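# Coordinates in review
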Amino acid sequence: MSADAWVGSWRPHRPRGPIAALYGSPGPKYGLPTNVGYRLHDPSRGRAPAYSFGVRAGGRQEERSPGPAYLLPPGTTARGKDGTPAFSIYGRPRDLPPLRTPGPGCYSPERASRLAFPSAPACSLRSRTRQGTAQQTPGPAAYRLPPMLGPRVVNKSAAPNFSMPGRSNVGAFYEDLCKTPGPCSYRVVDADVYKRRAPQYSMLARNALPGDTGTKPGPGAYSPEQGRQRGLTFGIRHSNYLTPLIVDVLD
């Protein structure tokens, strides 16, 4: 008789069908709605009034001051700018150019006789100014008398003149007023159109016979004189499928 306690006939085994213990549940994920706050409140409970802080009106945003955002320059007091004298170091300025006044040797009094004393008028020849070139008046060579020969004589009658113009296509004796086509305008009609058509044959190109198109070496590609001579050997032809011969059999 065994010393172990009897636990019955049940033993652990795989269940025949699905049971709830094999699947995990969400646990306390699903709960009652909250009674605190305004949003998602329990509809079966009373809800107290809720108040919120409103935003500042738009008029006051325009009256905002920057506060202590101003960066005052150094040396500024409550009464204004500091009155202490301040000095700075600059570069040396350039020297002023000297006054270039003419000396006594720059004057020529001998040339001022015509200006200082009365003198007769003097004229000089100079080139034409720009204003004179703008006046395009004709010169004497621009005028000419009428010719005395030809049909354009002013005070005389001219004889009739004849000229030989080129041949014109309009109004000539050979002008084709009907615009009819000539014999060369018609094309010869093929006889196969209105007669029994004869058989036609054509010469095609030569067809290539099917075969191997690979490049093969010719007789000149081989060099028998450069080949290595093979020697003769004595051996037995073996096969991989033959059973080996076993002579010594161990008891």
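Note that this is a predicted model, so its numbers are computed, not measured. Every residue gets a number counted from 1 within its own chain, in the order that chain's sequence is written. Local features in this predicted model are restricted to residues whose pLDDT is 70 or higher, and side-chain atom pairs enter the listing and the counts only when it is 80 or higher, whereas totals over whole chains, interfaces and linings include all residues. To get the side-chain values, take all heavy atoms of the structure and skip hydrogens and water.

## Side note on the overall build of the chain
- Secondary structure assignment for the chain yields 4 helices and 2 strands.
- Every helix listed is a DSSP run of H or I at least four residues long, and every strand listed is a run of E at least two residues long, numbered separately from the N terminus. Listing the helices and strands of the chain from first to last along the sequence gives α-β-β-α-α-α.
- In this scheme, a residue with accessible area under 20% of its type's maximum is buried, one over 50% is exposed, and one in between is partly exposed, where area comes from a 1.4 Å probe on protein chains only. The buried share among the 251 residues of the chain stands at 2%.
- For the chain, the accessible area works out to roughly 29400 Å², and carbon and sulfur atoms hold 57% of it. In short, Shrake-Rupley with a 1.4 Å probe defines the accessible areas, and a residue's cover is counted only from the protein chains shown.

## So, the confidence of the model for the chain
- Here the chain averages 77 in pLDDT, while 80% of its residues score no lower than 70.
- Confidence, expressed as mean pLDDT per element, reaches its minimum in the chain at helix 1 (residues 58–62) with 57 and its maximum at helix 4 (residues 191–194) with 87. The quantity called pLDDT is the predictor's confidence in a given residue, expressed from 0 to 100.

## Overview of the packing of aromatic side chains
- Pairing of aromatic side chains requires ring centres within 6.5 Å, counting the rings of Phe and Tyr and the six-membered ring of Trp. Pairs whose planes differ by under 30 degrees are stacked, by over 60 edge-to-face, and all others tilted. All told, the structure shown has 0 aromatic pairs when counted by the stated rule.
- Ring-over charges, as used throughout, are those where CZ of Arg or NZ of Lys falls within 6 Å of the ring centre and within 35 degrees of the ring normal. The ring of tyrosine 38 has arginine 47 lying over it, and the distance from NZ or CZ to the ring centre is 4.3 Å.

## What about a nonpolar patch on the surface?
- Where nonpolar side chains cluster on the molecular surface, the patch consists of Ile19, Leu22 and Tyr23 and spans about 340 Å² of accessible area.
- Within the secondary structure, isoleucine 19 sits in the segment before helix 1. The patches reported here contain residues having more than 30% relative accessible area and no salt bridge. Joining distances are 9 Å for like charges and 5 Å for nonpolar side chains (Val, Leu, Ile, Met, Phe, Trp, Tyr). Whenever a carboxyl oxygen of Asp or Glu lies within 4 Å of a side-chain nitrogen of Lys or Arg, that contact is scored as a salt bridge.

## Comments concerning the side chain of histidine 41
- Along the chain, the position of histidine 41 falls in the segment before helix 1.
- The class for histidine 41 is buried, based on a relative accessible area of 12%.
- What qualifies as a polar contact is a pair of N or O atoms within 3.5 Å, subject to a donor-acceptor requirement within protein and to the restriction that residues adjacent in sequence count only when both atoms come from side chains. Of the polar contacts made by the side chain of histidine 41, one reaches the backbone oxygen of asparagine 35; its length is 3.1 Å.
- Beyond its immediate stretch of four places on either side in the chain, histidine 41 contacts Thr34, Asn35, Val36, Gly46 and Arg47. Note on contacts: a residue pair is in contact if any heavy atoms of the two residues lie within 4.5 Å.

## Observations concerning unusual backbone geometry
- Even without being a glycine, leucine 40 presents a positive backbone phi close to 55 degrees.
- Among the secondary structure elements, leucine 40 is positioned in the segment before helix 1.

## Re the side chain of aspartate 42
- Counting through the fold element by element, aspartate 42 comes out in the segment before helix 1.
- In terms of polar contacts, aspartate 42 uses its side chain to reach the side chain of serine 44, at 3.0 Å.
- The residues contacting aspartate 42, other than those within four sequence positions of it, are Pro33, Thr34 and Asn35.

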